[in-house]
Amino acid sequence: MSARDSILATLRRNSPPPADHPLPEPAVLGEADASPERFSASLLQMGGTMLDRQQGATLDQAIALRFPKPGLMIRSLVPEATGTVRIADLPTPQAAEPVDVTIVRAAFGIAETGSIFLSEAQLHLNAIAHLTQHMVVLLDPAQITANMHTAYLRPEFHTARYGVLMSGPSATADIQGVLIRGAQGVRSLTVCFAPE
Amino acid sequence: MGMKIGLFVPCYIDAFYPGVGIATLELLERLGQDVTYPTEQTCCGQPMTNAGCVSDSAAAEALFVKLFSGFDAIVMPSGSCTHHVRSHFDAIEQTDAVRHVRANTYELVEFLHDVLKVRDFPWAEFPHTVGLHNSCSSLRALRTASMSELGEPAFSKPMTLLSGVKGIRFATPARPDECCGFGGTFSVTEEAVSARMGLDKVRDHFHAGAEYIVSADSSCMMHQQGCAERNRVDIRFIHIAEILNGARQ
Amino acid sequence: MKEKPVNHAAAAVAFIADKPHLDFHDARLWDMRQKRDAQMHLLPEWQDLRSRASAIKEHALANLADYLEEFERNAKSNGIHVHWAADGADHNRIVGEILEARGAKTLIKSKSMVTEECDLRPYLAARGVTVTETDLGERIQQLDDQLPSHIVVPSVHKLTSDVARIFARSYGTDPNADDPHQLAEAQRLAARPVILHADAGMTGGNFFVAETGTFVVCTNEGNADLSATVPGVHIATIGIERVVPRMADLGVFIRLLSRSALGSPITQYTSHFRGPQDGSEMHVVLVDNGRSARLGMADFWTSLKCIRCGACMNTCPVYRRSGGLSYGAVYSGPIGAIIDPTFNERKYSTLPYASTMNGSCTNVCPVKINIHEQLYKWRQVLVEHHQMPFVKREIMHMAGKLMGQPKLYRAAINGTETALSTLPRFALYNWLNPWGKNRELPAPVKETFHSWYRRNRPTAGRATPETVKTETKA
Ligand code: SF4
């Protein structure tokens, strides 16, 4: 018998009575507030930032203010910003590694946790979301969902092959409990509300 | 006339803290109860069962039932023994007598709080700052107080009773629910961890300003007192029955 | 089977003797527990979430074979290769074959307790594959050649100075570095080139979803997503018990996991893998390794509900004061003490006794595993299976007999006669001796309660009330 079949046979033999353990109906619990304010507050708690956008300033100008260091490699995956490198020049993770700032649009956000959802539909090359040093994420406030229960009702979870909820920048507290933002993935994550 | 009460005094109280047994007896009598201490009693069987040796508890459990099944209620100044009788009395056949004993055994605080519903102890005065230690059996098995892990509304039966004592003040330790490390045979098989937990516990109360640690469980206090004395932590110990019975110190 | 039982108590003595490490370890884990409490207080639905998580898991386990087949069907149709490993050896062979078929010589890996269970790294090393752990804590443990001491924070028993020493040896950094930021940066810089040029990547999986064929990885550092997305091959090792039926069930678990573990509302990364990216390969290895047998253990099967949040370890006063390594097993703390004996009953026979059974673990467990009751049950099983040391077993036996005989018992308490003479005295005293090592004994008293009672209530208590006559089967 294959490992597969023998595992399945043992499980069937050893299973507690299924009738004693019914599956509860899916539930939507918790706070239903899906406001941008709640989202921002949660994002800040997770170590993310909201992009400061002066009246009338373009997205490129706001990003330049956020990342003032000259000569940065900025790659835009959105029509609202131009960036400094062309996507076509970065076809592999190895080529994309030097990128400093990546601008991308999230499919949706979650107010409870300040998370944004990215998939191959937004990223084209999934690794870019983790190799880039910093990330700027555009989020349509109309695409904020209240909490994790409502989030999992979104269709993206049934279509994306890779879907990541990023909640602030990468982080670690593995050395003597000291919280460090910017561990191995992005060093910062900045969200900008931008209706689509 | 009160109930016919059988008093169980655990072995370590009998041998090391007779004052706790006396206070329990006198307090119940003061409250109008008809209390008898069956003198042939030994042990509830807990040490053997907790070690996993269930069959070795059978003789103790059988004797316990023989001595106590004729009472309306069985009261003991010990949370862990109460928990054993109520939840783990499984080494013997479950006769009507066994079921009666299991259903009518109370830890002293529960009995005062839930059955007799006493709130005032006009004879008692204790003008000291005390830190309350709930044993894990009292806290998490008997549920005599709210448990910090669950976020449930705060309540504390021992605190409610003690609040009926004149002059008493409470210290609030930083980790009120943390186990003190006694754990029965754990105290010898895991001596180092046990003693360290005990020391941390008494220091926590001491730093919170407690002059006394008060508890409904003498076993925890026996261990804590041993740790305090060895490490010269200046704190005293008293059983809740003694305070409620009007002990002055 | 003749392996020596783990000596948790002795390892704990050494751990406690090192005060700076002990103090930090206790404070750090207690802080995680406090942060967990704070998150709980923010969610009025916390207990409802726990009940649902428990019910969903119990349902999934009671129908595990069906859900595994459903997952396999869906994952395959999304282009994922699904493999089945009966045990650790099977798992390692499967991973080795995947790598060999692609000529892969370097593997980057994020944290996975199942691969620790299977002891994957030495297996691959012997076949010429260089394995690099990319999680910071796990990397520290790999470089120090130690098991993870905690399932969420693998190097929590170490101080910054320990990490500086290890990194100096392996990365050439300053051995006196005392800034954790500097050390974390050293790890980032060291890991990047390895990640960029690795032949294959490996992750664990926190959950997998039968309905969609998705698996979910929850992490904070970003290393798991790098390991998964940069190389063209992604292998995920997952225990078969981690299945949930529906995508909608994930909300319950994601809300509980990081709040219970670290006291943060969610991990920085919650990554859902439903199929390979274009031009890449994705493999899932479903690992049994004793789980299907555990499902048949009436008292212990619910331990399979575990989502490995570590909350039971953080709250455990014994774990905090003995350190994860003292358990001598892949899984430590309360959850380790109830699952390790299923891997090797003799070797881990001591672990269910490394507990006061205080019950705090059960209260914090997000999936409501009755951990302390299982510890209690394990003790009975171990005694039945003759895994208790002889002296202790004899003492319990003698004590049990004594407690059934009021006259002998009274004589022993009064010390007038040595009722314990049938028991070798040295055994008893040796066994009880440790009490006095760090503790005083209670002061002797003039009179027991028993004799006080006989003096002060001379007419009472001699006979039992007549009302009930009891039969016993003692
Ligand atoms: S047993 Fe419960 S508390 Fe412990 S790691 Fe597993 S899920 Fe978390």
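Residues numbered from 1 in each chain as written. Chains lettered and ligands numbered in written order. Predicted model: local features only at pLDDT ≥ 70, side-chain atom pairs only at ≥ 80, totals over all residues. Heavy atoms only, no water.

**Student:** Teacher, can you tell me more about the overall build of chain C here?
**Tutor:** Scanning chain C from N- to C-terminus turns up 22 helices and ten strands. Each principal axis of the C-alpha atoms in chain C carries an extent, and together these give about 90 × 55 × 50 Å. For chain C, the residues scored as buried account for 65% of the 474 residues in total. In chain C, of all internal contacts separated by at least 6 residues, the share reaching a separation of at least 24 is 74%. Carbon and sulfur atoms make up 54% of the accessible area of chain C, which amounts to about 16900 Å² in all. In chain C, 56 positive and 50 negative side-chain charges are present, and the distance between their average locations comes to 9 Å. (Helix = DSSP H or I, 4+ residues; strand = E, 2+ residues; numbered from the N terminus. Buried < 20%, exposed > 50% of the residue type's maximum accessible area, 1.4 Å probe, protein only. Contact = heavy atoms within 4.5 Å. Areas by Shrake-Rupley, 256 points an atom, 1.4 Å probe, with all protein chains shown as cover. Lys, Arg positive; Asp, Glu negative; His and termini not counted. Charge placed at Lys NZ, Arg CZ, Asp CG, Glu CD.)

**Student:** How should the layout of surface pockets be read in this particular structure?
**Tutor:** One way to see where empty space is left: roll a probe the size of a water molecule over the atoms. Taken as a whole, the second largest pocket spans an internal volume of roughly 1000 Å³. When residues of the lining of the second largest pocket are traced back to their parent elements, those giving at least two are β9 (171-172) of chain A together with α2 (19-42), α6 (113-118), β6 (214-219), β7 (233-239) and α12 (250-261) of chain C. Here the lining of the second largest pocket is built from residues that sort into 20 nonpolar, 19 polar and ten charged. Per-domain counts for the lining of the second largest pocket show at least three residues from each of domain 1 (1-42 + 295-388) and domain 2 (43-289) of chain C. (1 Å grid on protein atoms, 1.4 Å probe; cavity = no way out; pocket = protein on both sides within 12 Å on 5 of 7 lines; lining within 4 Å. Points joined across faces, edges and corners; volume = space filled by probe spheres on them. Nonpolar A, V, L, I, M, F, W, Y, C, P; charged D, E, K, R; others polar. Domains from an automatic or database assignment.)

**Student:** Just to check I follow, could you spell out the site of the ligand for this structure?
**Tutor:** If you check the shell around the ligand, you find 13 residues, and the closest are C306(C), C309(C), G310(C), C312(C) and C365(C). Among the residues forming the shell around the ligand, the class breakdown is eleven nonpolar, one polar and one charged. (Near = heavy atom within 4 Å.)

**Student:** Sorry if this is basic, but what is going on with the interface of chain B and chain C here?
**Tutor:** Note: interface size is frequently given as the accessible area lost on complex formation between the parts. If you look at the interface, chain B gives 84 residues, while chain C gives 81 residues. Buried surface at the junction of chain B and chain C, both sides included, amounts to about 7000 Å², of which 61% is carbon and sulfur. Contact with chain C buries area across many residues of chain B, yet E149(B), R175(B) and R230(B) alone supply 9% of it, more than any other trio. Counting the contacts that link chain B with chain C gives eight salt bridges. (Buried area = accessible area lost by both parts, 1.4 Å probe. Salt bridge = Lys/Arg side-chain N within 4 Å of Asp/Glu carboxyl O.)

**Student:** Explanation requested: the environment of V6(C) in the structure shown.
**Tutor:** Residues and elements named next belong to chain C. Of note, V6 is situated in the segment before α1 (8-17). Between the C-alpha atoms of V6 and A329, which are 323 residues apart in sequence, the distance is 8.6 Å. When near neighbours in sequence (up to four residues on either side) are disregarded, V6 contacts S326, Y327, G328, K347, Y348, T350 and L351.

**Student:** Explain the packing of aromatic side chains here, please?
**Tutor:** Any aromatic ring pair is given by two values, namely how distant the centres are and how the planes are angled relative to each other. What the rule picks out here adds up to 26 aromatic pairs over all chains. Relative to F449(C), the ring of Y37(B) has its centre 4.8 Å away and its plane inclined at 85 degrees; by these criteria the two rings are edge-to-face. You can see Y37(B) sitting in the loop between β2 (34-36) and α3 (46-50) and its partner F449(C) sitting in helix α22 (residues 449-456), one on each of two chains. By the burial criterion, Y37(B) is buried, and F449(C) matches it. (Phe/Tyr/Trp six-rings, centres within 6.5 Å; stacked < 30°, edge-to-face > 60°.)

**Student:** It is not clear to me how the domain arrangement of chain B should be interpreted in this structure. Could you clarify?
**Tutor:** Residue and element names in this part refer to chain B. What the domain assignment lists for chain B is domain 1 (4-115) and domain 2 (129-244). Each of domain 1 and domain 2 has a C-alpha centre, and the two are 22 Å apart. With 23 residues of domain 1 in contact, the opposing surface of domain 2 contributes 20 residues. Interface area for domain 1 against domain 2, summed over the two sides, is near 1800 Å², with a carbon-plus-sulfur share of 70%.

**Student:** Quick question: what am I supposed to make of the pairing of strand β7 (residues 212-215) of chain B here?
**Tutor:** In the case of a regular strand, side chains alternate between the two sheet surfaces. Residue and element names in this part refer to chain B. Across the two faces of β7 the burial is the same, with Y212 and V214 and I213 and S215 all buried. In this sheet, β7 lies alongside strand β5 (residues 129-133) in parallel orientation, the contact comprising four bridges. Within the sheet, the bridge partner assigned to H133 lies in β7 and is S215. Here β7 pairs with strand β8 (residues 236-239) via four bridges, running parallel. Bridged to V214 within β8 is I238. (Pairing = 2+ DSSP bridges.)

**Student:** Looking at this structure, how should I read the sheet that holds strand β4 (residues 200-203) of chain C?
**Tutor:** In a beta sheet, neighbouring strands pair by backbone hydrogen bonds and run either parallel or antiparallel. Residues and elements named next belong to chain C. Taken in spatial order, the six strands of this open sheet run β1-β10-β7-β4-β2-β3, and their pairing is parallel. Unpaired on one side and paired on the other, β1 (81-85) and β3 (130-133) mark the two borders of the sheet. Strand-to-strand, the axes of this sheet are offset by a mean angle of 20 degrees, without reference to chain direction. Of the strands in this sheet, β1 and β10 (281-287) are in contact with helix α4 (residues 64-77), which crosses β1 at around 150 degrees. (Axes fitted to C-alpha atoms, helices over the stretch in contact; angles between N-to-C directions.)

**Student:** Is there a simple way to explain the sheet that holds β7(B) in this structure?
**Tutor:** Residues and elements named next belong to chain B. Pairing is parallel across the open sheet formed by four strands, whose spatial order is β6-β5-β7-β8. Taken across any chain shown, the strands that pair with only one partner, and hence form the sheet edges, are β6 (169-171) and β8. Each neighbouring strand pair of the sheet contributes to a mean axis angle of 40 degrees, computed without reference to strand direction. Here β5 runs beside β6; their pairing, made up of three bridges, is parallel. Looking at the pairing, V130 lines up with F170 of β6.

**Student:** Hey, could you run me through the packing of helix α3 (residues 46-62) of chain C against α12(C) in this one?
**Tutor:** Each pair of packed helices gets described by two things: the angle between the helix axes and the distance between those axes. Residue and element names in this part refer to chain C. Following both chains from N to C, one finds α3 and α12 inclined at 115 degrees, their axes separated by 10 Å at the closest point. Our pair here, α3 against α12, has a crossing hand that is left-handed. Seen from α3, the contacting residues are W46, L49, R50, R52, A53, I56 and K57; seen from α12, they are V252, F253, R255, L256, R259 and S260. Along the lines of polarity and charge, the residues of the contact of α3 with α12 split into seven nonpolar, one polar and five charged. (Left-handed = near helix turned anticlockwise from the far one by under 90°.)

**Student:** For this particular structure, what's the right way to read the pattern of salt bridges?
**Tutor:** Within the structure shown, the criterion is met by 58 salt bridges over all chains. Linking K157(B) and D114(B) is a salt bridge whose minimum nitrogen-to-oxygen distance equals 2.8 Å. Residue K157(B) is located in helix α9 (residues 157-162), and its partner D114(B) is located in helix α7 (residues 108-115); the two are separated by 43 residues in the primary sequence. Take K157(B): its relative accessible area is 14%, and that puts it in the buried class. For D114(B), a relative accessible area of 30% gives the class partly exposed. The shortest N-O distance in the salt bridge between R93(C) and D90(C) comes to 2.6 Å. With R93(C) and D90(C) both in helix α5 (residues 88-101) and three residues apart, this pair spans about one turn of that helix. Relative accessible area serves as the criterion here: at 34%, R93(C) is assigned to the partly exposed category. Salt bridges here are not isolated pairs; linked through shared partners, they connect R4(A), D5(A), R12(A), D66(C), E69(C), E72(C) and K76(C).

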